[in-house]
Amino acid sequence: MMTLKTLLVHVEDTPSGKARLEAAIALATEKDAHLAGLGIRPPEPIPAYGAAVMPQQLVRDISKEYDEHMSSLRKLFEEKLRQAGREASSEWQAVTGEPENSVSLHGRYSDLILLGPIGLKQVPDAFRDLAESVILESGRPVLVVPEAGIDKSIGKNILVAWDGSREAARAVSDSCPFCANRTR
């Protein structure tokens, strides 16, 4: 039976992002799993031809702002882990790239990917369709944590919807770590 050994959580400094991080830490603690936090720095918004004619100080300022944001995400991740006593079994990963590609690629090395809800208005456009894209592209199970977060009993109540399809078989197989020691 499959176990959860490594979890990947997309870290954001939003209320739903913080709730997702807390849920990921709780699940990693319950399953005694390694937790990887992923911070994504979008590609530079200035095309190369634009950067050539822009003042270099402006280009540096934009880059510095991105660097500071990534640093604050790392601090958030590390602080939440410290509060939970989980620093030893975790790692921070910071990448620059398109969010869908970055999470899908890094998620392939995990047993479960934790992402936020699809289509929230306060989420930047670059991340709006992230969950849907990762579900389709990563080849790994994805847990979409609601905006309000979830309690510490992830997987205590399980509902299986079965239509006999390949997708249903894969979903049930991917949910096995939550089904262990459960009765009907």
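Quick caveat: nothing in here was measured; it's all calculated off a predicted structure.

## Focus: the layout of surface pockets
Argument step 1. Quantified by volume, the largest pocket comes out at close to 740 Å³.
Argument step 2. In this structure, the largest pocket is lined by 24 residues; those nearest its centre are Val 142, Arg 170, Ala 171, Val 172 and Asp 174.
Argument step 3. Per element, the largest residue contribution to the lining of the largest pocket is seven residues, and it comes from helix 6 (residues 166-174).
Argument step 4. In terms of residue class, the lining of the largest pocket is made up of 15 nonpolar, four polar and five charged.

## Some words on the pattern of salt bridges
Argument step 1. This model, assessed by the stated rule, comprises nine salt bridges.
Argument step 2. Residues Arg 170 and Asp 174 are paired through a salt bridge, measuring 3.1 Å at the closest nitrogen-oxygen approach. Taken as a pair, Arg 170 and Asp 174 lie in helix 6 at a separation of four residues, close to a single helical turn.
Argument step 3. Classification of Arg 170 as partly exposed rests on a relative accessible area of 36%.

## Quick word on unusual backbone geometry
Argument step 1. A positive phi angle is found at Asp 32, which is not glycine, with a value near 50°.
Argument step 2. Along the chain, Asp 32 falls in the loop between helix 1 (15-31) and strand 2 (34-41).

## Comments concerning the packing of aromatic side chains
Argument step 1. Summed over all chains, the structure comprises one aromatic pair.
Argument step 2. Here the aromatic rings of Phe 77 and Trp 92 are separated by 5.5 Å at their centres, their planes lie at 45°, and the arrangement is tilted. One end of the pair, Phe 77, is in helix 3 (residues 56-84); the other, Trp 92, is in strand 3 (residues 90-96), and 15 residues separate them in sequence.
Argument step 3. For Trp 92, a relative accessible area of 16% corresponds to the buried category.

## Digging into the pairing of strand 4 (residues 112-115)
Argument step 1. A two-sided burial pattern is seen for strand 4, the buried positions comprising Leu 112 and Leu 114 on one face and Ile 113 and Leu 115 on the other.
Argument step 2. Strand direction decides the pairing type here: strand 1 (residues 6-10) and strand 4, joined by three bridges, are parallel. Looking at the pairing, Leu 7 lines up with Leu 112 of strand 4.

## A closer look at the pairing of strand 1
Argument step 1. A large share of strand 1 lies buried, amounting to four of its five residues.
Argument step 2. Pairing between strand 1 and strand 2: five bridges, direction parallel. By the bridge assignment, Leu 8 is partnered in strand 2 with Ala 36.
Argument step 3. As a crossover connection, the stretch from strand 1 through helix 1 into strand 2 is right-handed.

## Some remarks on the environment of Ala 148
Argument step 1. Relative to the assigned elements, Ala 148 resides in the loop between strand 5 (142-144) and helix 6.
Argument step 2. Using a relative accessible area of 75% as the deciding quantity, one classes Ala 148 as exposed.
Argument step 3. Along the primary structure Ala 148 and Lys 18 are separated by 130 residues, whereas in three dimensions their C-alpha atoms are 9.5 Å apart.

## So, the packing of helix 1 against helix 3
Argument step 1. The N-to-C vectors of helix 1 and helix 3 enclose an angle of 40°; their axes lie 10 Å apart at closest approach. Relative to helix 3, the element helix 1 lies oblique. Two packed elements cross with a definite hand, and for helix 1 against helix 3 that hand is right-handed. Mapping the contact onto sequence places Lys 18, Leu 21, Glu 22 and Ile 25 in helix 1 and Leu 76, Phe 77, Lys 80, Leu 81 and Ala 84 in helix 3.
Argument step 2. Along the lines of polarity and charge, the residues of the contact of helix 1 with helix 3 split into six nonpolar, no polar and three charged.

Definitions and cut-offs
Residues numbered from 1 in each chain as written. Predicted model: local features only at pLDDT ≥ 70, side-chain atom pairs only at ≥ 80, totals over all residues. Heavy atoms only, no water. 1 Å grid on protein atoms, 1.4 Å probe; cavity = no way out; pocket = protein on both sides within 12 Å on 5 of 7 lines; lining within 4 Å. Points joined across faces, edges and corners; volume = space filled by probe spheres on them. Helix = DSSP H or I, 4+ residues; strand = E, 2+ residues; numbered from the N terminus. Nonpolar A, V, L, I, M, F, W, Y, C, P; charged D, E, K, R; others polar. Salt bridge = Lys/Arg side-chain N within 4 Å of Asp/Glu carboxyl O. Buried < 20%, exposed > 50% of the residue type's maximum accessible area, 1.4 Å probe, protein only. Phe/Tyr/Trp six-rings, centres within 6.5 Å; stacked < 30°, edge-to-face > 60°. Pairing = 2+ DSSP bridges. Right-handed = clockwise from strand over helix to strand, strands pointing away. Axes fitted to C-alpha atoms, helices over the stretch in contact; angles between N-to-C directions. Parallel < 35°, antiparallel > 145°, perpendicular 65-115°, else oblique. Left-handed = near helix turned anticlockwise from the far one by under 90°. Contact = heavy atoms within 4.5 Å.

Treat this as a map of the structure, not an account of what it does.
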